[in-house]
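One-letter residues, chain by chain:
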Amino acid sequence: MGQPTHALTQADWWRSAVIYQVYVRSFADGDGDGTGDLAGVRARLPYLAELGVDALWFNPWYPSPMKDGGYDVADYRAVDPAFGTLAEAEKLIAEARELGIRTIVDIVPNHVSDQHPWFQAALEGGPERELFHFRAGRGELPPNDWRSQFGGPAWTRLPDGDWYLHLFAPEQPDLNWAHPAVRQEHEDILRFWFERGVAGVRIDSAALLVKDSRLPDFVEGRDPHPYVDRDELHDIYRSWRRIADEHGGIFVGEVWLPDTERFTRYLRPDELHTAFNFSFLSCPWDPGRLRTSIDETLAEHAPVGAPATWVLCNHDVTRTVTRYGRADTAFAFATKAFGTPTDLELGTRRARAAALLSLALPGAVYVYQGEELGLPEADIPRDRIEDPMHFRSGGTDPGRDGCRVPLPWAAEAPHAGFGGEPWLPQPADWPAYAAGRQEQDPASMLSLYRRAIRLRPVFGDGPLTWLPAPEGVLAFSRADGATCVVNLADPPADLPAHTELLLGSGPLDDQGRLPKDTAVWLRS
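Residues numbered from 1 in each chain as written. Predicted model: local features only at pLDDT ≥ 70, side-chain atom pairs only at ≥ 80, totals over all residues. Heavy atoms only, no water.

Draft legend 1. Just the overall build of the chain, in detail. Along the backbone of the chain there are 14 helices and 16 strands. Rg of the C-alpha trace for the chain: 23 Å, near the compact-globule value of 24 Å for 524 residues, within the 12% margin. A principal-axis box enclosing the C-alpha atoms of the chain has dimensions of 75 × 50 × 45 Å. Looking at the chain residue by residue over its 524 residues, the buried ones come to 61%. Within the chain, contacts between residues separated by at least 24 positions form 67% of all contacts whose residues are at least 6 apart in sequence. When the accessible area of the chain is evaluated, it comes to approximately 20,000 Å², of which 51% is carbon and sulfur surface. Charged side chains in the chain number 51 positive and 77 negative. The centres of these two groups are separated by 2 Å. (Helix = DSSP H or I, 4+ residues; strand = E, 2+ residues; numbered from the N terminus. Rg over C-alpha atoms; globule rule 2.2 N^0.38 Å. Buried < 20%, exposed > 50% of the residue type's maximum accessible area, 1.4 Å probe, protein only. Contact = heavy atoms within 4.5 Å. Areas by Shrake-Rupley, 256 points an atom, 1.4 Å probe, with all protein chains shown as cover. Lys, Arg positive; Asp, Glu negative; His and termini not counted. Charge placed at Lys NZ, Arg CZ, Asp CG, Glu CD.)

Right, here's the structure in full:
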């Protein structure tokens, strides 16, 4: 069985960890009901250990009506019965730790489900209304012009005439973070999970919690923003950091801000440990743009001493193989459309190279489940789509379900070895991507990921130094003497001087040169 790449005694394990994202509903089905569950994850822990990851980040596993894939939470101190029990979660955390794998849970502090006891009491007119943003409208108009992240107004009107705020779906009412009970509740939730052995917490929509109490209309370019990146947030995260430090835990913030200086404030030594790198995730397969993203990421993290994070895909984003096979290889929610053509062979070649690129960079790497299998984005029949982004767009946005289809484990078993009839339909060719099949193929995407994660320590903890390279080629070394070269140009590229070719995303040409859309790791 493979070993984790970093020793458990390392207090700063998170600085260079490989973290695997588990979307529980679609990972593995242990009881055969078509929905992934904790029993399925526990059964696949040997697979994850063999992959070599250091930690698992779980999307929300709490009780939820599933109006937004579990990000509408009804109870933060329990596990949704569809996934298992709290006792099972505790067993999973402990069993993973025995294999050298830590656990990171997801907290959604901006909002709760409309089925949460607080909101149900608020609907009855109780004092719990103060825990949310209830307001009278302007005649027939909502209190202001804010828009939901999913499209449409950010306000819903109740029968009594009052409106409540939801920056996401109407089933996700926003909490009022100016109320001390909201702050106290979340601090207690953090302690609850740290006491159950989790090593870290990922914070959803971390820059959205605090709203301007005046609820003004949004004016483009006016600072401060009425609900994004408010200064009051930093006091909240400083109080959270004290709790994490008490338990030896870490925070990962979902912070997407264009202003570098504002972004790095969240990574000061007394706030969050790390934040997701959306610049790299959304970057097109372009040498200049990639190098700029890498340089800017490293530069913005350096002043606060925080490690960068690198991610190619997650549960919200078009899968890498599909995206990299399109004419536009960038990612933006606004450009998602049905029927966008893609070349999967090209996308797979680029995704293999991108895997070696991201795993060679200094910092932590996130791998979304199924990326190690080279899964493409699935086309979901319109009558099976569940994502609210699709419905709030009036049906024009295909939504995010295409990257959330249950994983294929076996080529022979029903439902590609997932378990029961999957909650989202698997494409007919899913068995071709099965983990069981790829384990037997040394040229598979799974084999590439396993070898890369096992070899990743050769790059050490040193900084990145760019090397001279032809136009369209990215080449850099790290202090311990390993070099990564990625060719994004048409002509094959000569390799720099080296003593050993450690790993390649594809074969070299007959003259030992690096073909287009191929990456190698060298010992120099």
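Draft legend 2. A look at the pattern of salt bridges. With the rule as written, the count across this model stands at 36 salt bridges. Linking Arg 319 and Glu 371 is a salt bridge whose minimum nitrogen-to-oxygen distance equals 3.1 Å. In this pair, Arg 319 is assigned in the loop between β10 (309-311) and α10 (320-324) and Glu 371 in the loop between β11 (364-368) and α12 (388-392), connecting sequence segments 52 residues apart. Here Arg 319 falls in the buried class, since its relative accessible area comes to 1%. When the shortest N-O distance is used, the salt bridge between Asp 509 and Arg 513 registers 3.0 Å. Its relative accessible area of 22% is what places Asp 509 among the partly exposed residues. Ionic contacts of the salt-bridge type, sharing partners, join the residues Asp 68, Asp 316, Asp 387, Arg 400 and Arg 404 into one network. (Salt bridge = Lys/Arg side-chain N within 4 Å of Asp/Glu carboxyl O.)

Draft legend 3. A look at unusual backbone geometry. A cis amide bond links Asp 223 with the next residue in sequence, Pro 224, at an omega value of -5°. Tracing the backbone shows Pro 224 in the loop between β7 (200-203) and α6 (233-247). Positioned with a positive phi, Met 66 is a non-glycine residue whose angle comes to about 60°. Within the element layout of this structure, Met 66 appears in the loop between β2 (55-58) and α3 (86-98). At Ser 205, a position not held by glycine, the phi torsion is positive, near 45°. Within the secondary structure, Ser 205 sits in the loop between β7 and α6.

Draft legend 4. Molecular detail of the nonpolar core. Tyr 20, Trp 61, Tyr 237 and Trp 521 are the most contacted members of the largest nonpolar core, which has 146 residues in total. Looking at this core element by element, the count peaks at 8 residues for helix α11 (residues 344-360). Ignoring anything within four residues of it in the chain, the contact list for Trp 61 reads Leu 38, Ala 78, Val 79, Asp 80, Phe 83, Ala 89, Leu 92, Ile 93, Thr 103, Val 105 and Trp 193. By size, the runner-up hydrophobic cluster in this structure holds 13 residues, among which are Ala 154, Trp 155, Leu 165 and Leu 215. (Core = buried A, V, L, I, M, F, W, Y, C linked by side-chain atoms within 4.5 Å.)

Draft legend 5. Region of interest: the sheet that holds strand β14 (residues 482-487). Read from one edge to the other, the open sheet built from 5 strands follows the order β12-β13-β14-β16-β15, with strand pairing classed as antiparallel. A single partner strand is all that each edge strand has here, and the edge strands are β12 (464-466) and β15 (500-504). On average, each strand axis in the sheet is tilted by 25° relative to the strand beside it, whichever way the strands run. Across the sheet, α11 is in contact with β13 (473-478), β14, β15 and β16 (518-523); its angle to β16 comes to roughly 40°. (Pairing = 2+ DSSP bridges. Axes fitted to C-alpha atoms, helices over the stretch in contact; angles between N-to-C directions.)

Draft legend 6. How the structure looks around the sheet that holds strand β5 (residues 155-157). One open sheet accounts for 3 strands, arranged β4-β6-β5; its pairing is antiparallel. The open sheet has two edge strands, β4 (134-136) and β5, and neither has a second partner. Averaged over all pairs of adjacent strands, the angle between their axes in this sheet comes to 35°, without regard to strand direction. Direction of pairing for β4 relative to strand β6 (residues 162-165): antiparallel, over a ladder of 3 bridges.

Purely geometric stuff here, so don't read any function into it on its own.
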